[in-house]
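Residue-level listing of the chains:
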Amino acid sequence: MALIEELNQQGNFLFRWRSYIPGVILFLSLLYLPYVPYFQGNYESNLYWLSGAFLVSFAGLFVRCFTIGYTPKNTSGRNTKQQVADVVNQSGIYSLVRHPLYVGNFLMYLGPVFILRDFAFALVYIMFFYLYYERIIFAEEYFLRGKFAKGYLEWADKTPAFIPRLSGYKKPNLDFSFRNIWKREYPSLFGIIVVFTVFDLIQVYFQEPALRAVDITGIWKPFHTWFFGFGLIFYVVTRLIVKTTKLLEVEGR
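Everything quoted here is computed from the prediction, not taken from an experiment. (Residues numbered from 1 in each chain as written. Predicted model: local features only at pLDDT ≥ 70, side-chain atom pairs only at ≥ 80, totals over all residues. Heavy atoms only, no water.)

Asks: Honestly, the UniProt feature "transmembrane region" (unreviewed entry) in the protein chain in this entry has me stumped. Any pointers?
Replies: Within this structure's numbering, the places UniProt gives as "transmembrane region" (unreviewed entry) are residues 17-35, 47-70, 106-133, 186-206 and 226-242. Secondary structure content for residues 106-133 is 89% helix and 0% strand, while the C-alpha to C-alpha distance between its ends is 10 Å. For residues 226-242, the helix share is 100%, the strand share is 0%, and the end-to-end C-alpha distance is 24 Å. (UniProt positions renumbered as here; feature names shortened; annotations may be inferred. Helix = DSSP H or I, 4+ residues; strand = E, 2+ residues; numbered from the N terminus.)

Asks: Whenever I open this one, helix H1 (residues 3-16) confuses me. Can you help?
Replies: The terminal C-alpha atoms of H1 lie 20 Å apart, and with 14 residues this matches the ideal 20 Å at 1.5 Å per residue to within 8%. Taken residue by residue, H1 has Leu7, Asn8, Gly11, Leu14 and Phe15 as its buried positions. Looking straight down H1, one finds that the buried residues subtend no more than 130 degrees of arc, so they occupy a single side. Looking at the buried side of H1, the elements it contacts are helix H4 (100-115) and helix H5 (119-148). (Expected span 1.5 Å × (residues − 1). Buried < 20%, exposed > 50% of the residue type's maximum accessible area, 1.4 Å probe, protein only. Arc of directions from axis to C-beta. Contact = heavy atoms within 4.5 Å.)

Asks: Just to check I follow, could you spell out the side chain of Ser91 for this structure?
Replies: Here Ser91 lies in the loop between helix H3 (43-68) and H4. Residue contacts for Ser91: discarding those within four places in its chain leaves Lys170, Lys171, Pro172 and Asn173.

Asks: What am I meant to see in the pattern of salt bridges here?
Replies: Between side chains of opposite charge, a pair can form when the charged atoms approach closely. Summed over all chains, the structure comprises five salt bridges. In this structure, the salt-bridge partner of Glu185 is Arg64, at a minimum N-O distance of 2.9 Å. On the criterion of sequence distance, the pair formed by Glu185 in helix H7 (residues 178-207) and Arg64 in helix H3 is long-range, its members being 121 residues apart. Taken as a pair, Glu185 and Arg64 share a single burial class, namely buried. Two residues, Glu134 and Arg135, come together in a salt bridge whose shortest N-O distance is 3.1 Å. Exposure remark for Arg135: the relative accessible area of 25% places this residue in the partly exposed category. (Salt bridge = Lys/Arg side-chain N within 4 Å of Asp/Glu carboxyl O.)

Asks: Which parts of the structure should I look at to understand the packing of aromatic side chains?
Replies: Geometry of an aromatic ring pair is reported as the spacing of the ring centres plus the angle between the planes. Going through the model one piece at a time under the given rule, you end up with 27 aromatic pairs. On the basis of an interplanar angle of 75 degrees and a centroid distance of 5.5 Å, the ring pair of Phe54 and Phe227 is categorised as edge-to-face. You can see Phe54 sitting in helix H3 and its partner Phe227 sitting in helix H9 (residues 222-244), a full 173 residues away along the chain. Phe227 gets classed as buried once you look at its relative accessible area, which sits at 10%. Look at Tyr125 and Phe129: their rings are 6.0 Å apart centre to centre, the planes differ by 55 degrees, and that puts the pair in the tilted class. Here Phe129 and Tyr125 lie together in helix H5, a separation of four residues that amounts to about one turn. For Tyr125, a relative accessible area of 1% corresponds to the buried category. Geometry around Trp49 places Arg117 over its ring, the cationic atom sitting 6.0 Å from the centre. (Phe/Tyr/Trp six-rings, centres within 6.5 Å; stacked < 30°, edge-to-face > 60°. Lys NZ or Arg CZ within 6 Å of the ring centre and 35° of its normal.)

Take a look at the structure:
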């Protein structure tokens with residue numbers, strides 16, 4: 001098999017599992033987390049650091065939401081079985097970068113990595129992400145080039161793959177759809193909330209042994225109650241809406 005076909009085959013395999021394999025980074029982070037002391041030695045200061053890391057992940061979610069809010073049906077999807085594209089998105093954020101959803105994913109996973117405050121681990125994450133998504137991007141662009149030929153190449157020649165340019169923004173062809181974002185990105189928001197709640201609980205468990213020595217429920221603080229509670233309610237309600245109604249359906253999205 002020629003290398004180009006082999007890379008395409010690898011990329012399509014990773015494409016099908018792209019929502020799960022980055023979980024390796026979260027798992028490694030969890031293994032490392034018990035050895036990470038509180039920022040400045042106390043829970044309150046650590047909570048500020050945790051909030052900063054959360055904002056990094058939330059910035060990634062914002063990039064994803066901004067992208068999906070303007071994209072048409074059968075583009076920028078969560079499909080896993082095969083590549084799908086009815087058109088090549090070239091307006092909106094796609095006029096600045098070819099793979100904005102992966103930029104968003106990078107930031108979403110970078111947030112938990114920041115909690116560890118370890119430069120070497122951050123470099124490992126960046127290298128892992130690069131090698132992993134390089135194959136996926138190759139497979140996607142191989143498909144798009146084959147389907148759209150010159151139209152795709154002209155856009156790709158002037159638009160960077162991953163690091164956005166800061167000029168040349170083109171107004172999106174479609175109106176912004178909040179309902180499309182709500183329908184497609186509610187699992188991402190809940191996932192971020194779960195990850196940060198679990199990470200904080202693990203740090204409390206290992207940094208404040210007196211709490212777990214008396215009662216393991218003592219590590220659960222008011223912050224966890226409202227933060228995780230909001231996420232859980234939002235997820236369950238949205239899931240019911242998506243599965244039982246057409247409230248979030250948008251024509252052409």
